[in-house]
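Fold and geometry: a report
These are the residues of each chain, in order.
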Number of protein chains: 2
Amino acid sequence: MKLLPERTVERLSKYRRVLQRELDNGTDHIYSHELAKLLHITPVQVRRDIMLIGHTGTLRKGYSIDNLIKLISEIIDCSSSVQNVAIVGIGKLGQALLDYLTGSNTKLNLSAVFDNNPDKIGTSYSGTVCYSIENLKKIVKREGITIGILTVPPEFAKEVSTMMKDAGIVGIINFTPVSLKLDGTFLEEYDVITTLEKVAYFSKPKNAKLL
Amino acid sequence: MKLLPERTVERLSKYRRVLQRELDNGTDHIYSHELAKLLHITPVQVRRDIMLIGHTGTLRKGYSIDNLIKLISEIIDCSSSVQNVAIVGIGKLGQALLDYLTGSNTKLNLSAVFDNNPDKIGTSYSGTVCYSIENLKKIVKREGITIGILTVPPEFAKEVSTMMKDAGIVGIINFTPVSLKLDGTFLEEYDVITTLEKVAYFSKPKNAKLL
DNA sequence: TAACAACTGTTACAAAAATCACATTAAAAT
DNA sequence: ATTTTAATGTGATTTTTGTAACAGTTGTTA
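Since the structure is predicted, the reported quantities are computational estimates derived from the model, not experimental observations. (Residues numbered from 1 in each chain as written. Chains lettered and ligands numbered in written order. Predicted model: local features only at pLDDT ≥ 70, side-chain atom pairs only at ≥ 80, totals over all residues. Heavy atoms only, no water.)

1. Focus on the protein's contact with DNA strand D
Put simply, the rule is: We call a residue near a given molecule or strand whenever any one of its heavy atoms falls within 4 Å of it. Pairing of N or O atoms within 3.5 Å defines a polar contact, subject to two protein rules: one partner must be a possible hydrogen donor and the other a possible acceptor, and residues neighboring in sequence count only if both atoms are side-chain atoms. Working definition: helices are DSSP H or I runs of at least four residues, strands are E runs of at least two. Numbering for both runs from the N terminus. By the convention adopted, Pro, Cys, Tyr, Trp, Phe, Met, Ile, Leu, Val and Ala count as nonpolar, Lys, Arg, Asp and Glu as charged, and the other residues, Gly among them, as polar.
Near DNA strand D lie 24 residues; those nearest to it are Ser-32, Arg-48, Thr-56, Gly-57 and Arg-60 of chain A. One of the side-chain N or O atoms of Thr-56 of chain A is found 2.5 Å from a phosphate oxygen in DNA strand D. Between DNA strand D and the protein, one listed contact pairs a sugar or linking oxygen with a side-chain N or O atom of Gln-45 of chain B at 3.4 Å. Of all the secondary-structure elements, those providing two or more residues to the surface near DNA strand D are α2 (32-39) and α3 (43-52) of chain A together with α1 (6-24) and α3 (43-52) of chain B. Per-element tally for the surface near DNA strand D: the top contributor is α3 of chain A, with four residues. Looking at the surface near DNA strand D, its residues break down into eight nonpolar, eight polar and eight charged.

2. Considerations on the relation of the copies chain A and chain B
Cut-off, in case you're wondering: The fit set for superposing copies consists of C-alpha atoms from residues with pLDDT of at least 70 in both; the fit itself is least squares. Contacts between residues were defined by any pair of non-hydrogen atoms, one from each residue, lying within 4.5 Å.
Superposing chain A onto chain B takes a rotation of 180° combined with a translation of 0.0 Å along the rotation axis, leaving an RMSD of 0.1 Å. What the rotation and shift describe, once combined, is the action of a two-fold rotation axis. Here 100% of the contact residues of chain A are again contact residues in chain B; the copies associate through an equivalent surface.

3. What to know about the interface of chain A and chain B
Quick reminder of the rule: Two parts placed together each lose some accessible area under a 1.4 Å probe, and adding up what both lose gives the buried area. Each reported salt bridge corresponds to a side-chain nitrogen of Lys or Arg within 4 Å of a carboxyl oxygen of Asp or Glu.
Contacts between the two partners involve 68 residues from chain A, matched on the other side by 69 residues from chain B. Between chain A and chain B, the buried area comes to about 6,700 Å², and carbon and sulfur atoms account for 66% of it. Along the contact surface separating chain A from chain B lie 12 salt bridges. Where Asp-191 of chain B meets Arg-17 of chain A, a salt bridge forms, and the shortest distance between an N and an O atom there is 2.7 Å.

4. Regarding unusual backbone geometry
Let me state the cut-off plainly: Exposure classes here rest on a 1.4 Å probe applied to the protein chains alone. A residue is buried below 20% of its type maximum, exposed above 50%, and partly exposed in between.
Here the phi dihedral of Arg-60 of chain A falls at roughly 70°; this positive angle occurs in a residue that is not glycine. The residue Arg-60 of chain A is located in the loop between α3 and β2 (63-64) in this model. Judged by relative accessible area, which is 77%, Arg-60 of chain A ranks as exposed. One non-glycine residue, His-40 of chain B, lies in positive phi territory at about 60°. Examined against the element boundaries, His-40 of chain B turns out to sit in the loop between α2 (32-39) and α3. Residue His-40 of chain B is classed as partly exposed on the basis of its relative accessible area, which comes to 36%.

Structure (structure tokens):
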């Protein structure tokens, strides 16, 4: 299949989540406008996304929830090969994200946690043992980890991200405020302060972007 | 001034941060290509953003760092009125974000923290006292809080976000996986699992969006 | 002082994302 | 059976975002 737009992939993740809830409630079909309402978007956008992944609904009956979930899962999880995730830097943020991850029913598998604090190494976090960053390459290779969550202090961000790439990680979410660039790696930056300042700007009366 | 594009505002926040660092290092002017390099973007984009905020550099000398920081601050912080922030739900994620916030030199002022856990109410978190959610409206009005960070468990997301709006909060960052919609409020959603699944999708070999 | 190099500012263009408009069709109502 | 209604699927359009190209200007060098 052709590469999907980023925003579509994001929405697919959300579709799947709410669809699973509907399925658990015993619903078996859903209309585009119903799905749209659950996510506060437009029905057209839902239909277009579904069109893009090649699914087709039934006129006057809507989309089969079961089929849709299966298809989205094939696309995101790639069913064949599980993707293993590591959290690098298990401070407060790392631990908070860990909880989100283990609490959700995503198919991504948290395989390891890394830190350089001797007190943490060897400790178990929500059932996942913490390794020394020194062993990053070894463990990443052994566990077949491909995705990394980077939550180290900013001064280590660059160095550690390079280590992650060299170890074979191909997708990184960077939660440090340090801007990174790694060729051959899909990098997603998330900067809390920037987001907050953006919200501050757009919620000021004169910039009324208040939808 | 005309409303700025969202992406530009995001970049302004990042410009300011790295510019402050340069200033602290004793640099007083910077070229677009230097600033671009620090954030791994293109020089054109930097010049374009700076043009949009009405600043103008000096040919062959670049931009005055000091002036640029001042201008960006006027735009984002609106210097006149400080914007007060509250964190609603002080679990692990809330506490992690609190650290980011108090550790950064943003002009946004963290004024209060809320939770419904009796053990937490009255406790001080990084110098900010935790109030009961029952008193949200009262405290928000008293402290003049306009921005809220929502980090409650998903089952409370909708109810609490409505309370926040009713209390007078006009900008919310929603860290719960529950999609929200509040008229008259600028709402920014951040969904860790969705981001992670997006990274998983784009870092798969066949979807090689590896820049 | 003439030619060149380096950097800004901006217009024109391209790409990505969202929305509109409407053809199509299946079920329900008359 | 015919009309109406309610839904999907998609080409066309608009909006947002990013990039390219280059004119203009200032300092440097020959």
